[in-house]
Amino acid sequence: MISFEAFIKNDRIPIYQQILLYVKRGILSGGIQKGDSLPSRRMLSSMLGVNPNTVQKAYRMLEEDGLVCSHSGAKSTIEYNEQSVRNIRRELLEEEMRHIISDWKQMGLRKEDAVQMMSKLWEEDEG
């Protein structure tokens, strides 16, 4: 069963979105594998101290994304394929980049300077 012991609440992000991110990042990192089971909705809501409907919403959204398979009376399990992993990676990277770009614009950084800085940092990280 997937452990949520490392889950840390962030008051600025709705809990259901945090659950989605936790599972998606776990899949990308390899910490959550295909076939792993999710805690029951009641168990997770109790662990996190949130309304069961909040957990239900997160699980439903994971199902809609094709990352969770639920069966009546059985545990919900993680299901994904390589395309799903690519989609998650792109989605999360684009979201992070949007935040960074927004911050850079607020600081008055020009696109050309941002690209140059990113290229330089990329190369330094490789070296």
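See the structure above.
Residues numbered from 1 in each chain as written. Predicted model: local features only at pLDDT ≥ 70, side-chain atom pairs only at ≥ 80, totals over all residues. Heavy atoms only, no water.

Let's shift gears to helix 2 (residues 41–48). For helix 2, the set of buried residues is Leu 44, Ser 45 and Leu 48. The arc that holds every buried residue of helix 2, seen down its axis, measures 100°, which confines them to one face. For helix 2, the exposed residues set more than 90 degrees away from the buried face come down to Arg 42 and Ser 46. Where helix 2 is buried, its residues touch helix 1 (15–29) and helix 3 (52–64). Phi turns positive, to about 70°, at Gly 49, one or two residues after helix 2. (Buried < 20%, exposed > 50% of the residue type's maximum accessible area, 1.4 Å probe, protein only. Helix = DSSP H or I, 4+ residues; strand = E, 2+ residues; numbered from the N terminus. Arc of directions from axis to C-beta. Contact = heavy atoms within 4.5 Å.)

Phe 4, Ile 19, Val 23, Ile 27, Leu 38 and Ile 78 are the most contacted members of the largest nonpolar core, which has 26 residues in total. Counting only elements with at least two residues in this core, the list comes to helix 1, helix 2, helix 3 and helix 4 (82–106). In terms of residue count, the dominant contributor to this core is helix 1 (seven residues). Aside from chain neighbours lying at most four places away, what touches Phe 4 is Ile 19, Tyr 22, Val 23, Leu 38, Pro 39, Leu 44 and Met 47. (Core = buried A, V, L, I, M, F, W, Y, C linked by side-chain atoms within 4.5 Å.)

Let us look at the packing of aromatic side chains. Taken as a whole and judged by the stated rule, the model has three aromatic pairs. When the centroid spacing of 5.5 Å and the interplanar angle of 65° are considered together, the rings of Phe 7 and Tyr 22 count as edge-to-face. Separated by 15 residues along the polypeptide, Phe 7 in the segment before helix 1 and Tyr 22 in helix 1 bring together distant segments of the chain. If you follow Lys 57 out to its NZ or CZ, it ends over the ring of Tyr 16, 4.0 Å from the centre. (Phe/Tyr/Trp six-rings, centres within 6.5 Å; stacked < 30°, edge-to-face > 60°. Lys NZ or Arg CZ within 6 Å of the ring centre and 35° of its normal.)

Attention now goes to a nonpolar patch on the surface. Among the surface-exposed residues, Met 1, Met 43 and Met 47 lie close enough to one another that they form a single nonpolar patch of about 300 Å² accessible area. Note that Met 47 resides in helix 2. For Met 47, a relative accessible area of 44% corresponds to the partly exposed category. (Patch = residues over 30% accessible without salt bridge, like charges linked within 9 Å, V, L, I, M, F, W, Y side chains within 5 Å. Areas by Shrake-Rupley, 256 points an atom, 1.4 Å probe, with all protein chains shown as cover. Salt bridge = Lys/Arg side-chain N within 4 Å of Asp/Glu carboxyl O.)

Distances and angles like these do not, on their own, reveal function.
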